[in-house]
Amino acid sequence: MKILVVGSGGREHALAWRLAASGHAVVAAPGNPGMEAVASCRPVKVMDLDGQVKLAVEEGVELVVVGPEAPLCAGLADRLRAAGVPTFGPGEAGARLEGSKAFSKALFARHGIRTAAFEVCATVEEADRAIDALAAQAVPAGSGVVVKADGLAAGKGVVVADDVAEAKTAARAMLDGRFGDAGARLVIEQRISGREVSVLALTDGERLEVLAPAEDHKTLLDGDRGPNTGGMGTVSPAWIDDATLARVRAEVLEPTVRGLAAEGIDYRGVLYAGLMIDASGAPWLLEYNCRFGDPETQPVMARLRGDLGAVLHGAATGALAQGALAWDPRAAVCVVVAAAGYPEAPRTGDVIGGLDAASDLTDVVVFHAGTARQGGAIVSAGGRVLGVTALGDDVEAARAQAYAAVDRIELAGKQLRRDIGARGKR
Ligand code: GLY
């Protein structure tokens, strides 16, 4: 099959790599230098919706896989389908699961999905009242409040506040335009205690295929310290056991698919559930993303066996094959190499060395995330630069191999965590 992958990050590199490994001809737009080894890259920007549709039609692709959330929220999948191109990714209506936190929280509530108590606010007065009320009801007392911008804020629109004052400051900043229109409305919710996990499922709007869970490491520094980032590394399998995963499926994913269908939303794409599992093992849905996770996709693709292209085509055309994917029993760890200055002000244009030396190691793939060609060199071109991913017989072995590869990468001022995958099981 000829498949167009829309996007240019580590997630898209991992998808293109896996699709090419199953024998598909991959076109990527715009792609990145790392993807050139597995795909034919075309210079069409992610948000050039006309250009993406034109490319898909001209290339005669049989499937488009849309990587990032922004074009999904802008309706790229609807436009591709209208042009007759099977597309893996929800339309604009379904993408509101990620594009509007107020929409998604209300949907969870309507369909009985366990989620933190919340209020939607549009003014400082409403926000102050909601923060006081939610903090007063918090169990255990003083456990805090979470403030979220309603719209897309490039992964930065969530503040997990330790106290009422911090929550109110965050709400004011968002309502004052820190994230533009995305912060015109806020979702304020109680903070849930537990341990996080990312569970991604493919759906054709009716059936579900749950992928191997992964655990992200969201903050910049070891020990879960420092500012939040887009994700500094991932491990798969994650710490949750099969019984908990079965609960996630039955109590979160299945009601979502039924709820979306009941509301007339034909959702064909990824349901990426960001979950908190509490001490009793109950899953709380923190949020949905409407696309593959980044960097969750990197270790998940490293472990995936079977023809991903055929399965995504099935989901795109309303005929998702269940049980067609299998998982390498080994563990995979992805360590993100980030640029100096990330996340606030990433420095770009630094030459990256050691890419071949890192990739030469057994069971290592270096996925490019923020890279570009400059003359004969590959240089950094974004905050998260590479996702160095390795398989190993267990998490410890995968960690050792990933860090051996990372140590071969030369990038001035590179930042990375040394504890990806080190949390162990609960
Ligand atoms: N891993 C975080 C995200 O994909 O949004």
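Relevant structure appears above.
Since the structure is predicted, the reported quantities are computational estimates derived from the model, not experimental observations.

Cut-offs applied
Residues numbered from 1 in each chain as written. Predicted model: local features only at pLDDT ≥ 70, side-chain atom pairs only at ≥ 80, totals over all residues. Heavy atoms only, no water. Helix = DSSP H or I, 4+ residues; strand = E, 2+ residues; numbered from the N terminus. Buried < 20%, exposed > 50% of the residue type's maximum accessible area, 1.4 Å probe, protein only. Contact = heavy atoms within 4.5 Å. Areas by Shrake-Rupley, 256 points an atom, 1.4 Å probe, with all protein chains shown as cover. Near = heavy atom within 4 Å. Polar contact = N/O pair within 3.5 Å; in protein donor to acceptor, adjacent residues only side chain to side chain. Nonpolar A, V, L, I, M, F, W, Y, C, P; charged D, E, K, R; others polar. Pairing = 2+ DSSP bridges. Axes fitted to C-alpha atoms, helices over the stretch in contact; angles between N-to-C directions. Salt bridge = Lys/Arg side-chain N within 4 Å of Asp/Glu carboxyl O.

Colleague: Please clarify how the overall build of the protein should be interpreted in this entry.
Modeller: In terms of helices and strands, the protein carries 13 helices and 24 strands. Projected onto the principal axes, the alpha-carbon positions of the protein cover approximately 55 × 45 × 40 Å. Looking at the protein as a whole, 58% of its 426 residues qualify as buried. Sequence-distant contacts, at least 24 apart, represent 67% of the contacts inside the protein between residues at least 6 apart. Total accessible area on the protein is roughly 15800 Å²; 51% of this is exposed by carbon and sulfur atoms.

Colleague: It is not clear to me how the site of the ligand should be interpreted in this structure. Could you clarify?
Modeller: Residues in contact with the ligand, as listed here, are D216, G230, Y272, N289, R291, G293, D294, P295 and E296. Taking E296, its side chain carries an N or O atom lying 2.7 Å from a nitrogen atom of the ligand. Computed on the free molecule, the ligand has an accessible area of 200 Å², of which 86% lies beneath the protein chains in the complex. In the shell around the ligand, the residues fall into 2 nonpolar, 3 polar and 4 charged.

Colleague: Got a minute to help me understand the sheet that holds strand β15 (residues 233-236) in this structure?
Modeller: What the 5 strands build is an open sheet, ordered β12-β15-β20-β24-β21; its pairing is antiparallel. With partners counted over all chains shown, the strands left at the sheet margins are β12 (215-216) and β21 (364-368), one partner each. Relative to strand β20 (residues 331-338), β15 runs antiparallel, the two being bridged by 4 bridges. In the sheet register, T234 faces β20, and the bridge partner there is C334. In the packing of helix α13 (residues 395-406) onto the sheet, the strands contacted are β15, β20, β21 and β24 (384-392), and the crossing angle to β20 comes to about 30°.

Colleague: I would appreciate a short explanation of the sheet that holds strand β10 (residues 195-203) in the present structure.
Modeller: Strands pair in a sheet through their backbones, by hydrogen bonds, and they do so in one of two ways: parallel or antiparallel. Overall, antiparallel pairing links the 4 strands, which are arranged β11-β10-β16-β17 in an open sheet. The strands lining the two open edges of the sheet, one partner per strand, are β11 (208-210) and β17 (283-289). Pairwise comparison of adjacent strand axes, ignoring direction, gives a mean angle of 30° for this sheet. Alignment of β10 against strand β16 (residues 269-277), held across 9 bridges, turns out to be antiparallel. What sits directly across from V197, in β16, is L275.

Colleague: Would you mind going over the pattern of salt bridges with me for this structure?
Modeller: When the charged atoms of two side chains lie near each other, side chains of opposite charge can form a pair. All chains considered together, the criterion is met by 33 salt bridges. Across the salt bridge formed by D150 and R185, the nearest N and O atoms sit 3.3 Å from each other. One end of the pair, D150, is in the loop between β7 (145-149) and β8 (158-161); the other, R185, is in the loop between α8 (164-175) and β9 (186-190), and 35 residues separate them in sequence. Of the charged contacts in the structure, one is a salt bridge between E254 and R249, with a shortest N-O distance of 2.9 Å.

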